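# Observations on the model geometry
So the chains spell out like this:
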Amino acid sequence: MQDVRGKMTDEVLRQIKSLELNVAQTSAPLTKRRMRDSFSEVYICLGSDKTLRLKYMTPSNVKRARFGRIMEDLDTMAGLICFRHNENIIRSQCVAFVTALVDRIEMHNCNLAVDEDIKLSGQVSWVGRTSLDIKMKVEQMKQGSWEHILDTRYLMVARDPVAGKGLPVNPLVIESAAEQAEFAQGEANQAKRRQEAEQSLFKTVPSDAERALIHHMFLQTIDPKAGTFKRIKPPGTIFMEETKLKNIILCHHEERNLYGKIFGGYLMRQAFELAWTNAFMYCRSLPEIETVDDIVFKQPVEIGSVLFLSSQTVYTQENKMLVYVHAEVVDPIKDIHISTNTFYFVFKAPLLEKVKPVIPKTYAEAMIYLNGKRHYEG
């Protein structure tokens, strides 16, 4: 039984073939497109397909669907929407639509059942010169009606797969006040990302309030009576250095995308499942995903790569944990490490009133803590 990712990939390939792609041409006239021109719906028939259901079953709870699988499907869906918006362009030139950023995934209901049909839908909601904002939502059939599960926005970029440079995409025609609001939200998201980049802790010092917080946490880890800076762990807390969990993946051909690179959705699933395991081990209770924030794709991952995934619980608040995952490709021969992705996942422990606070021990960990705090509050 072919999975949803395979079906959507086949749909993209059928569209490309039907458009009689001419790779010799290097440019194409842009055409104004409506938002609804790219609207797409895909159904995951878990209610009737028991074979497919096994791929989505969560081992810790056989009644729940695997969220990592849904992330894979959303990434494929975003690519399909890009192709539908730019049908005229792919008719005359080679275009690769790659995921640059998952802006945010907001959960409305964490109870994603494994035995009910799921619907993915979405369309282009904003375009720049070479980039597209794809707004999508996930719904599930429950008691005869579609229940809203999550909303998300993916930022996709059109690139020349040979030269590696950006390619222009079709502009949007705005037809209503609602569409104007969606487009304005895309503009606002772009401005917010630029502002956050300028205020990054890699470029600027922490704020006064952040510095005061870090110093307060530092004072909690020393004994004032001893008169030394020897560190002690406050009762009921966990040092950040104790929360690391890692995975190593050898990237195979079966996980490639249309352009011969490792599929971004596969990387997201692997990162999510590592983060979920980290949160589980941290709080010792089954966690639930609440928010996915700022998944950044910095570099493509090649087939045959040795991929290192490192996770760490970097911020806590009440019964919630923010787990940061960093992905890097390692060349064992040259001893070179190249950062490819960063992921931020917020989990909650619904059976607990509070989880143990995480405490940074070094200045570098303090910056990671503040960065996690910013993502949590943003």
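Residues numbered from 1 in each chain as written. Predicted model: local features only at pLDDT ≥ 70, side-chain atom pairs only at ≥ 80, totals over all residues. Heavy atoms only, no water.

## Some words on the pattern of salt bridges
- Using the criterion set out here, one finds 21 salt bridges in the structure.
- Notably, a salt bridge pairs Lys320 with Glu290, separated by 3.0 Å at the nearest N-O pair. With Lys320 in strand E14 (residues 320-331) and Glu290 in strand E12 (residues 288-297), this residue pair connects regions lying 30 residues apart in the sequence.
- One salt-bridge network, in which partners are shared between bridges, spans Asp133, Lys135, Arg153 and Glu182. (Salt bridge = Lys/Arg side-chain N within 4 Å of Asp/Glu carboxyl O. Helix = DSSP H or I, 4+ residues; strand = E, 2+ residues; numbered from the N terminus.)

## Points about the pairing of E14
- Within E14, 10 of the 12 residues are buried, which leaves the element mostly enclosed by the surrounding structure.
- Taken together, the 11 bridges between strand E13 (residues 306-317) and E14 define a ladder with antiparallel strand orientation. Counterpart to Thr313 in the pairing with E14 is Val323.
- A loop of two residues connects E13 with E14, the two strands running antiparallel in sequence, and Glu318 in this loop sits at a positive phi of about 55°.
- Pairing between E14 and strand E15 (residues 336-348): 12 bridges, direction antiparallel. (Buried < 20%, exposed > 50% of the residue type's maximum accessible area, 1.4 Å probe, protein only. Pairing = 2+ DSSP bridges.)

## Regarding unusual backbone geometry
- Backbone geometry at Glu318 places phi at a positive 55°, although glycine is not the residue there.
- Assignment of secondary structure puts Glu318 in the loop between E13 and E14.
- Its identity is not glycine, yet Asp335 carries a phi of approximately 55°, on the positive side.
- When you line up the elements, Asp335 lands in the loop between E14 and E15.

## Side note on the packing of helix H6 (residues 208-220) against helix H8 (residues 363-377)
- Packing of H6 against H8 brings their axes to within 11 Å, and their N-to-C directions diverge by 125°. Our classification of the angle between H6 and H8 gives oblique. As for how H6 packs across H8, the hand of that crossing is right-handed. Counting all contacts with H6, which are made through Glu210, Leu213, Ile214 and Met217, the residues of H8 involved are Ala366, Tyr369, Leu370, Lys373 and Arg374.
- For the contact of H6 with H8, the class distribution of residues is six nonpolar, no polar and three charged. (Axes fitted to C-alpha atoms, helices over the stretch in contact; angles between N-to-C directions. Parallel < 35°, antiparallel > 145°, perpendicular 65-115°, else oblique. Left-handed = near helix turned anticlockwise from the far one by under 90°. Contact = heavy atoms within 4.5 Å. Nonpolar A, V, L, I, M, F, W, Y, C, P; charged D, E, K, R; others polar.)

## Notes on the packing of helix H3 (residues 67-85) against helix H7 (residues 264-283)
- At a minimum axis separation of 8 Å, H3 and H7 run at an interaxial angle of 160°. Taken together, H3 and H7 sit at an angle that is classed as roughly antiparallel. Between H3 and H7 the crossing geometry is right-handed. Along the contact surface, H3 presents Phe67, Gly68, Arg69, Met71, Glu72 and Asp75, while H7 presents Gly264, Gly265, Tyr266, Met268, Arg269 and Phe272.
- In terms of residue class, the contact of H3 with H7 is made up of five nonpolar, three polar and four charged.

## Quick look at the nonpolar core
- In terms of nonpolar packing, the biggest core is built from 96 residues, with Ile134, Phe345 and Phe347 touching the most fellow members.
- Ranked by residue count, the leading element in this core is H7, at 11 residues.
- Residues contacting Phe347, with those up to four places away along its chain left out, are Phe272, Ala275, Trp276, Ala279, Pro287, Glu288, Ile289, Glu290, Asn319, Lys320, Met321 and Val323. (Core = buried A, V, L, I, M, F, W, Y, C linked by side-chain atoms within 4.5 Å.)

## Focus on the confidence of the model for the chain
- When pLDDT is averaged along the chain, the result is 88, and 93% of the positions lie at 70 or above.
- Note that pLDDT drops below 50 for residues 18-25; the model gives that stretch 15 contacts with residues more than four away or on any other chain. (pLDDT = per-residue confidence, 0-100.)

## A few points about the sheet that holds strand E11 (residues 245-250)
- Overall, antiparallel pairing links the 10 strands, which are arranged E2-E6-E7-E8-E5-E12-E15-E14-E13-E11 in an open sheet. Two strands lie at the open edges of the sheet, namely strand E2 (40-44) and E11, each paired on one side alone. Taken pair by pair, the neighbouring strands of this sheet meet at an average axis angle of 25°, ignoring direction.
- Where E11 lies against E13, six bridges are found, and the strand directions are antiparallel. Its bridge partner lying in E13, Asn247 is registered against Leu309.

## So, the pairing of strand E4 (residues 61-65)
- Bridge count for strand E3 (residues 57-58) against E4 is two bridges, and the pairing is antiparallel. Bridge pairing in E4 links Met57 to Ala65.
- Taking the residues between adjacent antiparallel strands as the criterion, E3 and E4 are bridged by two residues.

## Observations regarding the side chain of Lys142
- Within the fold, Lys142 resides in strand E7 (residues 131-142).
- Of the side chains with opposite charge, Glu147 comes closest to the buried, unpaired Lys142, at an N-O distance of 4.0 Å.
- Within the structure, the side chain of Lys142 is placed 2.6 Å from the backbone oxygen of Asn111, a separation counted as a polar contact.
- Beyond its immediate stretch of four places on either side in the chain, Lys142 contacts Asn109, Asn111, Glu147 and Ile149. (Lys, Arg positive; Asp, Glu negative; His and termini not counted. Polar contact = N/O pair within 3.5 Å; in protein donor to acceptor, adjacent residues only side chain to side chain.)

## Here we look at the environment of Pro171
- Looking at the secondary structure, you find Pro171 in the loop between strand E8 (145-159) and strand E9 (172-173).
- Given the relative accessible area of 29%, Pro171 is considered partly exposed.
- Along the chain, Pro171 and Lys32 lie 139 residues apart, while their C-alpha atoms are 5.0 Å from each other.
- Ignoring any residue separated from it by four or fewer positions in sequence, one finds Pro171 in contact with Leu30, Thr31, Lys32, Arg33, His85 and Val127.

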